[in-house]
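Coordinate analysis (summary)
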Amino acid sequence: MDKGKKVLVVGSGGREHAIVKSLAKSPKVAEIFCAPGNAGIANDAKCLPIKVDDVEGLVNFAQRNHIDLTVIGPEAALVAGLADAMLQNDIRVFGPTKGATQIESSKEFAKMLMEKYGIPTGKYKSFSAFEDALDYVKKGSFPSVIKYDGLAAGKGVVIAQNLKDAEIALREMLHDHKFGDDKVIIEEFLEGPEFSFMCFVSGEKVYPLELAQDHKRAFDGDKGPNTGGMGAYSPVPFISEKVKNEALEKIMKPTAKALMDMGLPFCGVLYGGLILTQEGPKVIEFNARFGDPETEVVLPRLESDLFDFINYAIEGKGFIPQWSHDAVIGVVLASKGYPGSYKKGEEIKGLENIQTEVFHMGTAEMNGKFHVAGGRVLMVTAHGDDLPEAALNVEKEIKLIECPSLFHRTDIGKYVLNTESK
Ligand code: AMP
Ligand code: GLY
């Protein structure tokens, strides 16, 4: 008989908690480790004190413990070359090499690839000199989209409504070097509803997942500052099968093929941050990993075995995943003050009463009790026959949590447009 498999999940957020919980459902998986994990993940996996970019530490652990599969969550691990090191040591890994990760880590690389291979996206130009960039903006129209070219924790994009705002953003990025290195992309402003399309990719093979939409702004009505994500839902009713298929054929598959052609075969999750414009779906950004918080609402809808799905994908074998017809909404409970400063430490009461799945993002455990330990603290999810029902269910569950230092959005999944896309 096949002995139980050992899996290592790399990361410490709600996304990794969802991956761990989904893998735990597989009858083939005997043991799950998570590096470094978090207080909630510790209920579902053995957490290891190894940082996500400690490549040597993670490779050593996987080798010593005969890990059958490593799943990489965050971009920091990919950029550190964790997948490359795992592959060099013959460890099975789901996550792209550093070279293929450039589709996320370098906006210029992504734009160049899309231009070369005719993948629909906004027109752009890149700059490293402040004066040149400012000159270009002066000649263009507003809003103007200014993007720092590199990882800026979701804070490197400014939609400037006028010249003054554009100048402030350019000065910060190119003159004061707010995020480090110094390159920006100035992009055409695209209009339409956004959606997240994750696909498992292995070379030219592309396996689409169900769609989701996240909510990046801090407050109801998409107001307030950008955050790491305040909630998400799946499915996305305003994106028809036809549009999804168009996105698959014109965006996701050609991108996987382009990476192959460039000698950078991709293995892992290719995440398309897409926008449905009048001219059809276009790319806003690519990520080289599971989206957060989209993963927390997509994986709970997967009825197939995630361990099997990942392995079939790695091997490039045929696999058609089965999905539940349920709608799932996930709402983030964040610390008041987030994404600015906030206080940590308050006890979170009532978690034991929640009937649905809760993913931990930033909690600490002390004497069997959970406390606030981060900006985004928990994601409470609920299923329903449709999104309105899931929304009612998730509110009911959230009411069971007592922790005055947390806040959440009450409109996740409620802005769904009534109009079906063409
Ligand atoms: P990004 O980090 O590239 O995903 O950008 C963050 C957010 O900025 C996106 O989710 C969009 O809402 C917005 N955005 C980025 N690029 C554009 C664009 N070209 N046109 C309109 N909105 C954009
Ligand atoms: N939800 C957007 C991301 O994962 O970057």
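Just so you know, these numbers come straight off a predicted model, no measurement behind them.

**Observations concerning the side chain of H360**
Mapped onto the secondary structure, H360 falls in strand β19 (residues 358-360). Among the polar contacts listed, one links the side chain of H360 to the side chain of T363, at a separation of 2.9 Å. What H360 contacts, discounting residues up to four positions off in sequence, is G13, G14, H17, N38, G40, L351, F370, V377 and L378.

**Comments concerning the site of ligand 1**
Taken together, 13 residues lie near ligand 1, and E187, E188, L190, E194 and E285 sit nearest. Separating a nitrogen atom of ligand 1 from a backbone N or O atom of E188 is a distance of 2.8 Å. Within the side chain of E194, a nitrogen or oxygen atom sits 2.5 Å from an oxygen atom of ligand 1. Calculation on ligand 1 without its partners gives an accessible area of 470 Å², and the protein chains cover 88% of this total. Mapped onto the shell around ligand 1, the elements with two or more residues apiece are β7 (144-148), β8 (157-160) and β17 (280-287).

**Thoughts on the pattern of salt bridges**
A complete count under the given rule lists 21 salt bridges for this structure. As a salt-bridge pair, D44 and K21 come within 3.8 Å of each other at their nearest N and O atoms. Placement of D44 in the loop between β2 (29-36) and β3 (46-47) and of K21 in helix α1 (residues 14-24) is noted, with a sequence separation of 23 residues between them. Residue class for D44 comes out partly exposed when judged on its relative accessible area of 28%. Linked through salt bridges whose partners overlap, the residues forming this network are E75, E104 and R289.

**Points about the packing of helix α6 (residues 107-117) against helix α9 (residues 241-261)**
Any two packed helices are characterised by the angle at which their axes cross and by the distance between the axes. With their axes 10 Å apart at the nearest point, α6 and α9 run at an angle of 100 degrees to one another. Between α6 and α9, the angle is such that the two are roughly perpendicular. For the pair α6 and α9, the contacting residues are F109, L113 and Y117 in the first and T255, A258, L259 and D261 in the second.

**Brief notes about the site of ligand 2**
Within the structure, ligand 2 sits among D214, Y271, N287, R289, G291, D292 and E294. Within the backbone of D292, a nitrogen or oxygen atom sits 2.9 Å from an oxygen atom of ligand 2. One of the side-chain N or O atoms of E294 is found 2.8 Å from a nitrogen atom in ligand 2. Taken by itself ligand 2 offers 200 Å² of open surface, and the protein chains cover 88% of this. Looking at the shell around ligand 2 residue by residue, the classes come out as 1 nonpolar, 2 polar and 4 charged.

**Here we look at helix α12 (residues 387-398)**
Between its first and last C-alpha, α12 extends 16 Å over 12 residues, near the 16 Å set by a 1.5 Å rise per residue. Among the residues making up α12, those that are buried are L387, A390, A391, V394, E395, E397 and I398. Mapping the buried residues of α12 onto a view down its axis gives an arc of 160 degrees, with all of them on the same face. Summarising the geometry of α12, the exposed residues directed more than 90 degrees from the buried face are P388, L392 and K396. Each element contacted by the buried residues of α12 is listed here: β15 (231-234), β18 (327-335) and β22 (376-384).

**Describing the sheet that holds strand β16 (residues 267-277)**
Taken together, 4 strands build an open sheet; the order of strands is β11-β10-β16-β17 and the sheet is antiparallel. Among the strands making up the open sheet, the edge pair consists of β11 (205-208) and β17. When strand polarity is set aside, the average angle formed by the axes of neighbouring strands in this sheet is 35 degrees. Sheet topology places strand β10 (residues 194-202) next to β16; 9 bridges connect them, and they run antiparallel. The residue of β16 that forms the bridge with F197 is G272. On top of the sheet, α9 reaches β10, β11, β16 and β17; it is set at about 45 degrees to β17, its chief contact. Each of β10, β11 and β16 is contacted by helix α11 (residues 306-315), which is oriented at about 65 degrees to β10, the strand it contacts most.

Definitions and cut-offs
Residues numbered from 1 in each chain as written. Chains lettered and ligands numbered in written order. Predicted model: local features only at pLDDT ≥ 70, side-chain atom pairs only at ≥ 80, totals over all residues. Heavy atoms only, no water. Helix = DSSP H or I, 4+ residues; strand = E, 2+ residues; numbered from the N terminus. Polar contact = N/O pair within 3.5 Å; in protein donor to acceptor, adjacent residues only side chain to side chain. Contact = heavy atoms within 4.5 Å. Near = heavy atom within 4 Å. Areas by Shrake-Rupley, 256 points an atom, 1.4 Å probe, with all protein chains shown as cover. Salt bridge = Lys/Arg side-chain N within 4 Å of Asp/Glu carboxyl O. Buried < 20%, exposed > 50% of the residue type's maximum accessible area, 1.4 Å probe, protein only. Axes fitted to C-alpha atoms, helices over the stretch in contact; angles between N-to-C directions. Parallel < 35°, antiparallel > 145°, perpendicular 65-115°, else oblique. Nonpolar A, V, L, I, M, F, W, Y, C, P; charged D, E, K, R; others polar. Expected span 1.5 Å × (residues − 1). Arc of directions from axis to C-beta. Pairing = 2+ DSSP bridges.

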